[in-house]
Amino acid sequence: MPHPTSPVPLPLPETEHDRLQALLGAAEPLVVADAEQARALLSEALPLARTLGDGRGVARALNLLAGSLVIRSQYDEAAQTFAQAREAAVNAGDAASEARAINGLGLVARARGRYGEAMEHYLESLRVAQSCGDDIGHARTLGNVGIVHSELGDHELALQTFETMRQLGERAGHAITQSNAIINMAYAHHELGHFDEALDAARKHLPVIRERGMRQHEVILQATVVSCLAARGDAAEAVSAAEEVLPLAEAVGDREQLAYVRLAYGQALLALHQLDAAEVQLDAALAETRQHSLKPQECQVLHHLSELHARRGAWEQAYRHSQAHHTLDRTLHAQDLDRKTKVVGAQLQVEMLKREADAERIRSAQLAQMNTELSEAQRHLSHRAAHDPLTGLANRSQFHAELERALTTAGTDPVGVLFIDLDRFKQVNDTLGHDVGDELLKEVSVRLRQVVRGGDLVARMGGDEFTVILRHLRTVKDAERVAQKILNVLAQIFTVHGHTLHVTASIGVAVAPQDGQDITTLQRHADIAMYRAKHEGKNAVRTFQPTMGSETAERVDLERDLREALTRGELTLHYQPQFNGPSGQLLGFEALVRWNHPTQGVLPPGRFIGVAEDSGLIVPLGAWVLEEACRQAAAWRSEVPFTISVNVSPLQFGQPDFIDTVQRALITSGLDPQRLILELTETAVVRSPDVAVKQMTHLRLLGIKVALDDFGTGQSSLSLLHTLPIDILKIDRSFVHGGAGSLESTQVMVGVMVSLAHRFRMHVVAEGVETREQLELLNTLGCDSVQGYLLGRPVPAAQAAAFLSSQS
């Protein structure tokens, strides 16, 4: 094949039509080899096709031109050109070019992050390709469906799809389709951590694509090679591969792959401790990702830059990049959930395409065999997209689709929705393990399907929550009777892995149209009714009533009960010990409020603190907690000096008489002020920093220590840390756990915070320590003290006193 930068020699044409076909034939492979030269050929082919009135030629030229724009990341122009190609193909009756143009629109939508729209385009492209027997169109679009699944994290499913695509391309003898499939399979292996398989596939295929001059394919595959080498620790080899491919990536101009190469290059340099060189590549990658809105790559770059600056000891820069990574990671996670929902909704149409294919594609034995394989792949994709992998029931997306269909076709017939939540299921997981819990969920699913009629639908919404759609009801009582049958069948003993289990459930019932005429309203009302059943004793059925309203009614009840709890003595304090990390010496306790609710039992703070804050009850509640904690700490007689920490809400801290309240608690109890620590959240101080400084300064003059709680989760800045008179910095449990449970992430984030706190002469406390590994890492990082379930759970006053005595 000629060198990519050299003009492509064309055969001498006999006619202008021959000239057009020669131009298009030469341009097609150049789209993935040299996009600029392909565009040069197409700039001649497109006007020639229009002059000749060759509609098929116009559509094909526009498709190729749009493909070259995609490679250059010019997505707006590509979308317009694919739309023009589709119109030209429809006018010319060229179904194959129409399918290719629709597929191209899906490519652009996916590049812009609109995965639901992309899947809709891909499925339409499949339908059109099937109608004309376009096998290459099938393979091309099926591969793009696999890319969507890969980008949304389902790499095993993507790998199966790419293998089907490769087989179809191989049978059709289409080199570009085969190459695309192999490249995508290598990337999927990389994402699954199968680095040896990915490298083996890449090394076998690289000579092929180099021989064919597919420069863009070479960049993509080499980027995967660099990333694999870096990930498995072959940093020097990764650097060498990156230096080799970087000039080619810049020449090809695929901005996404260029950013990907720089990211892997920087990661490898970082592993070799070449920090300056790594910073150059990572900064360049960050600029690329931000200029072209490549958010997933930007998130990875920010993580590596944070690690780089941490190694240098540039803690402020490390902290800034780490915070940006943390924020972007949460945003991407939320977007992925939304995208998965949209993708799954579109994927449900695959089964319909399979039925159409059965009627249209039986032409010969070979075509029939290919159709069978493709149909099996589509059926598998459709089932995975619409069903819960554990129980085989319909999943949330199929439930929504089926409920919408039921509401649309029901006419005046009632449609019932049951919301089922198993009671105390968490206890099964906690005491017997998740294997037993999973098997119990399977058995529950079997019994639910046995109870309902064949036309009804049972779905698992996640965890231990199930829903049922009841069609063709006569009255609301019909739905209630089915719900009661479910309770009865669940009441029968379950035997799971040798354990005898008794299961009950709380079931909420809502019926359309009286309880709602759309999915959201109907599901919410069934959910509210279920919570009413659970709060009224569990193992019951409740039908939605307008008087239930929404969560507002429950919150009103809770607020009323809380007002009475303050006077009835229903509140109590538990105390969680705090320790010196290296020595294990007891340093003090944190007072945590609990509510002995007369009907609901002991309620943790998460159930009522929000209601207390919204209603203003947090002020008298907080005053009681402060007085009781001081009284109890003073009452404990101990030779071991200890402190008592009390949480202060933003509303309580902002009260004009807050200092008076604190002084009154100290005087009444007789507690030494130096033993009291008041914990403030970032929200309490950022509302009005000047007022906060005055309040905190006054507290410190009294001898009271001030702690900043849950640091890193709010809005505080480094300058604010320098300004505020803070004695103690409490690191939020989410950073101790490293977000996704990574000790490396913990080391970077907590290391930054400890260094900053010590620089400002603050004592550092880490919350939520639950594993020995976390404790050892915190000690290594110089954290002053720790608290968490590993060392001590919150306990009543009597147990805390006994523990304190044992330390004397």
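Participant: How would you summarise the overall build of the protein chain if you had to cite specific residues and measurements?
Facilitator: For the protein chain, the helix and strand inventory stands at 36 helices and 17 strands. Residue burial in the protein chain is summarised as follows: out of 808 residues, 53% are buried. Counted over contacts in the protein chain with a minimum sequence separation of 6, partners at least 24 positions apart contribute 65%. Accessible surface, the protein chain: about 35,200 Å² in total, of which carbon and sulfur atoms supply 49%.

Participant: Mind laying out the packing of helix H14 (residues 275-291) against helix H15 (residues 295-312), listing which residues take part and the relevant values?
Facilitator: Interaxial distance between H14 and H15 falls to 9 Å at its minimum, and their mutual angle equals 155 degrees. One way to sum up the angle between H14 and H15 is to call them roughly antiparallel. With respect to the hand of their crossing, H14 and H15 are arranged in left-handed fashion. Contact with H14, carried on its side by Leu275, Asp276, Ala278, Glu279, Leu282, Asp283, Ala285, Leu286, Thr289 and Arg290, involves Gln297, Glu298, Val301, Leu302, His304, Leu305, Leu308, His309, Arg311 and Arg312 of H15 and no other residues of that element. Per-class residue counts for the contact of H14 with H15 are nine nonpolar, four polar and seven charged.

Participant: Explain helix H9 (residues 175-191) to me, and be specific about the residues and the numbers.
Facilitator: The α-helix advances 3.6 residues per turn, and as a result positions three or four apart in sequence lie on the same side. Here H9 contains 17 residues, and its C-alpha end-to-end distance of 25 Å stays within 8% of the 24 Å for a straight helix at 1.5 Å per residue. Among all positions of H9, only Ile176, Thr177, Ser179, Ala181, Ile183, Asn184, Met185, Ala186, Ala188, His189 and His190 are buried. Once H9 ends, the next one or two residues include Gly193, with phi positive near 85 degrees.

Participant: Would you mind going over the environment of Ser227 in detail, with residue names and values included?
Facilitator: Mapped onto the elements of the fold, Ser227 is located in helix H11 (residues 215-231). Expressed as a C-alpha distance, the spacing of Ser227 and Ala242, which sit 15 residues apart in the sequence, is 9.1 Å.

Participant: An account of the confidence of the model for the protein chain is requested, with residue identities and associated values reported.
Facilitator: With 87% of its residues at a pLDDT of 70 or more, the protein chain has an overall mean of 83. Here residues 1-8 is a poorly scored stretch, pLDDT under 50, and it has 15 contacts once near neighbours within four places are set aside; other chains count.

Participant: Mind laying out the side chain of Thr661, listing which residues take part and the relevant values?
Facilitator: For Thr661, the location among the structural elements is in helix H28 (residues 658-669). For Thr661, a relative accessible area of 9% gives the class buried.

Participant: Any details on the nonpolar core? Residues and values, ideally.
Facilitator: Leu676 and Leu678 are the most contacted members of the largest nonpolar core, which has 79 residues in total. Residue contacts for Leu676: discarding those within four places in its chain leaves Leu626, Cys630, Ile644, Val646, Val662, Leu666, Leu671, Ile704 and Lys705.

What counts, and at which threshold
Residues numbered from 1 in each chain as written. Predicted model: local features only at pLDDT ≥ 70, side-chain atom pairs only at ≥ 80, totals over all residues. Heavy atoms only, no water. Helix = DSSP H or I, 4+ residues; strand = E, 2+ residues; numbered from the N terminus. Buried < 20%, exposed > 50% of the residue type's maximum accessible area, 1.4 Å probe, protein only. Contact = heavy atoms within 4.5 Å. Areas by Shrake-Rupley, 256 points an atom, 1.4 Å probe, with all protein chains shown as cover. Axes fitted to C-alpha atoms, helices over the stretch in contact; angles between N-to-C directions. Parallel < 35°, antiparallel > 145°, perpendicular 65-115°, else oblique. Left-handed = near helix turned anticlockwise from the far one by under 90°. Nonpolar A, V, L, I, M, F, W, Y, C, P; charged D, E, K, R; others polar. Expected span 1.5 Å × (residues − 1). pLDDT = per-residue confidence, 0-100. Core = buried A, V, L, I, M, F, W, Y, C linked by side-chain atoms within 4.5 Å.

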